[in-house]
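An overview of the molecular structure
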Amino acid sequence: MADAYLVDTGVFLRWFVDQPGYEHAREIQDAFLRGQVAVETADFARIEVAGVLRKKGLLSGRLTPEEFVAAVRLIDEFGVKVHAVDADVLERAADLAVRLTLRMYDAVFAQLAVDQGIPLLTTDVKLCHAVEGVVETTILRGVAAG
């Protein structure tokens, strides 16, 4: 386990919903809560997590309305370091997206990991392959190759 990770949305979702890789995601969560690993993310991850948790948690019946409402605050309440995506970060991420044919959300997570000098923790196997040689990545154990 690294000392710190830049975490993408797929990892946070597994803190709440049992999807492939959730056991590893929760190991990281536990280590973070014990102060053994730092967790950082992009500011828009909170919105993405809330949107997907509504669909895969609340609407599917995996989360009660109360659990869903509480979950949307946890990234902040747990003390995850949240990085603002300003114009400079967005510009560097856009360059990365062009060079590596990445979706912008993925490019922003990758760029923030580069900027912070920490590994990107993700559930996206394709993203790991795409950024190989640019940023260190860790794929959650239990996530199938895709």
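Provided above is the structure to which this section pertains.
Residues numbered from 1 in each chain as written. Predicted model: local features only at pLDDT ≥ 70, side-chain atom pairs only at ≥ 80, totals over all residues. Heavy atoms only, no water.

**A short note on the overall build of the chain**
- Regarding its fold elements, the chain presents eight helices and five strands.
- A globule of 146 residues ought to have a C-alpha radius of gyration of about 15 Å, and the chain, at 15 Å, matches this closely.
- In terms of overall dimensions, the chain has C-alpha extents of about 40 × 30 × 30 Å along its principal axes.
- Across the 146 residues that make up the chain, the buried fraction comes to 47%.
- Restricting to contacts in the chain with at least 6 residues of sequence separation, those with at least 24 account for 61%.
- Surface accessibility of the chain: about 7500 Å² in total, with carbon and sulfur atoms responsible for 53%. (Helix = DSSP H or I, 4+ residues; strand = E, 2+ residues; numbered from the N terminus. Rg over C-alpha atoms; globule rule 2.2 N^0.38 Å. Buried < 20%, exposed > 50% of the residue type's maximum accessible area, 1.4 Å probe, protein only. Contact = heavy atoms within 4.5 Å. Areas by Shrake-Rupley, 256 points an atom, 1.4 Å probe, with all protein chains shown as cover.)

**Some words on unusual backbone geometry**
- One non-glycine residue, Thr101, lies in positive phi territory at about 55 degrees.
- With respect to the helices and strands, Thr101 occurs in the loop between helix H6 (87-100) and helix H7 (104-116).

**Brief notes about the packing of H6 against H7**
- Contact geometry of H6 with H7 gives a least axis separation of 8 Å together with a crossing angle of 115 degrees. By the angle between their directions, the pair H6 and H7 is classed as roughly perpendicular. Here the hand of the crossing between H6 and H7 comes out right-handed. Between H6 and H7, the residues in contact are Val89, Leu90, Arg92, Ala93, Ala94, Leu96 and Ala97 and Met104, Ala107, Val108, Ala110, Gln111, Leu112 and Asp115, respectively.
- Of the residues contributing to the contact of H6 with H7, the split by class is 11 nonpolar, one polar and two charged. (Axes fitted to C-alpha atoms, helices over the stretch in contact; angles between N-to-C directions. Parallel < 35°, antiparallel > 145°, perpendicular 65-115°, else oblique. Left-handed = near helix turned anticlockwise from the far one by under 90°. Nonpolar A, V, L, I, M, F, W, Y, C, P; charged D, E, K, R; others polar.)

**Digging into helix H3 (residues 45-58)**
- At Val52, H3 is deflected by roughly 30 degrees, the largest bend along its length.
- All buried positions along H3 are accounted for by Ala45, Val49, Ala50, Leu53 and Gly57.
- On its buried side, H3 packs onto helix H1 (9-13), strand E2 (38-42), helix H4 (65-71), helix H5 (74-77) and H7. (Bend = angle between axes of the 7 residues up to and from the residue.)

**Notes on the sheet that holds strand E3 (residues 81-83)**
- Spatial strand order, E3-E2-E1-E4-E5: five strands in an open sheet with parallel pairing. Either end of the sheet is taken by a strand with one partner, and the two such strands are E3 and strand E5 (137-139). Going across the sheet, the axis of each strand differs from the next one's by a mean of 30 degrees, ignoring polarity.
- Note that strand E1 (residues 4-7) and strand E4 (residues 120-122) share two bridges and pair parallel. Note that in E4 the partner of Leu6 across the bridge is Leu120.
- The strands that helix H2 (residues 22-33) touches are E1, E2, E4 and E5; relative to E2, the one it contacts most, it runs at about 115 degrees. (Pairing = 2+ DSSP bridges.)

**Here's the deal with the side chain of His83**
- Tracing the chain through its elements places His83 in strand E3.
- Judged by its relative accessible area of 10%, His83 falls in the buried class.
- There is a polar contact of 2.6 Å between the side chain of His83 and the side chain of Glu40. (Polar contact = N/O pair within 3.5 Å; in protein donor to acceptor, adjacent residues only side chain to side chain.)

The analysis is restricted to geometry; functional conclusions fall outside its scope.
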